[in-house]
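Chain by chain, the residues run as shown.
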Amino acid sequence: GGSSAFVELYRAPEDPDGDYAMLHALSRTAGEGGALAVCRTDGLVTLLDPRAAPGGGGTGVHTQRVHEKKVFSADFSAAKPHLLATASL
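The rules behind the values
Residues numbered from 1 in each chain as written. Predicted model: local features only at pLDDT ≥ 70, side-chain atom pairs only at ≥ 80, totals over all residues. Heavy atoms only, no water. Helix = DSSP H or I, 4+ residues; strand = E, 2+ residues; numbered from the N terminus. Buried < 20%, exposed > 50% of the residue type's maximum accessible area, 1.4 Å probe, protein only. Contact = heavy atoms within 4.5 Å. Areas by Shrake-Rupley, 256 points an atom, 1.4 Å probe, with all protein chains shown as cover. Pairing = 2+ DSSP bridges. Axes fitted to C-alpha atoms, helices over the stretch in contact; angles between N-to-C directions. pLDDT = per-residue confidence, 0-100.

Draft legend 1. Spatial organisation of the overall build of the chain. When helices and strands are counted, the chain shows zero helices and six strands. Starting at the N terminus and ending at the C terminus, the chain contains elements arranged as β-β-β-β-β-β. Here the chain holds 89 residues, and the buried ones make up 26% of them. Sequence separation of at least 24 residues holds for 29% of the intrachain contacts in the chain that already meet a minimum separation of 6. Entry remark: accessible area of the chain is about 6200 Å², with carbon and sulfur atoms responsible for 54%.

Draft legend 2. A look at the sheet that holds strand β2 (residues 36–40). If you trace the four strands from one edge of the open sheet to the other, you get β1-β2-β3-β4, paired in antiparallel fashion. Both outer strands of the open sheet, β1 (23–28) and β4 (60–65), are each paired with one neighbouring strand and no more. The average undirected angle you get between the axes of adjacent strands in this sheet is 20°. Where β2 lies against strand β3 (residues 44–49), four bridges are found, and the strand directions are antiparallel.

Draft legend 3. Representation of the confidence of the model for the chain in the model. Per-residue pLDDT for the chain has a mean of 80; in total, 83% of the residues score no lower than 70. Within the chain, strand β6 (residues 84–88) carries the highest mean pLDDT (92), whereas β1 carries the lowest (79).

Draft legend 4. Examining the environment of Ala52 more closely. Structurally, Ala52 can be placed in the loop between β3 and β4. A relative accessible area of 52% places Ala52 in the exposed class.

In structure tokens, the structure reads:
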């Protein structure tokens, strides 16, 4: 039989009440090893970039508040992958 493995790259931090923000969507840049954008219910988007990881052993992480309410989706531009569009309420 086959086997599978799972590596946790990201978990939203706990809030003061011990709850976690729900993750709504993922988007990935084109190309091998591209960045991932993770949309959260608390209005933040987290970028995970394995290419920026020190020594290649971890993940470069950057979190930015982009909306006051939950972020429903994010998508990288195919023509300009450094641009990220997001949608909220």
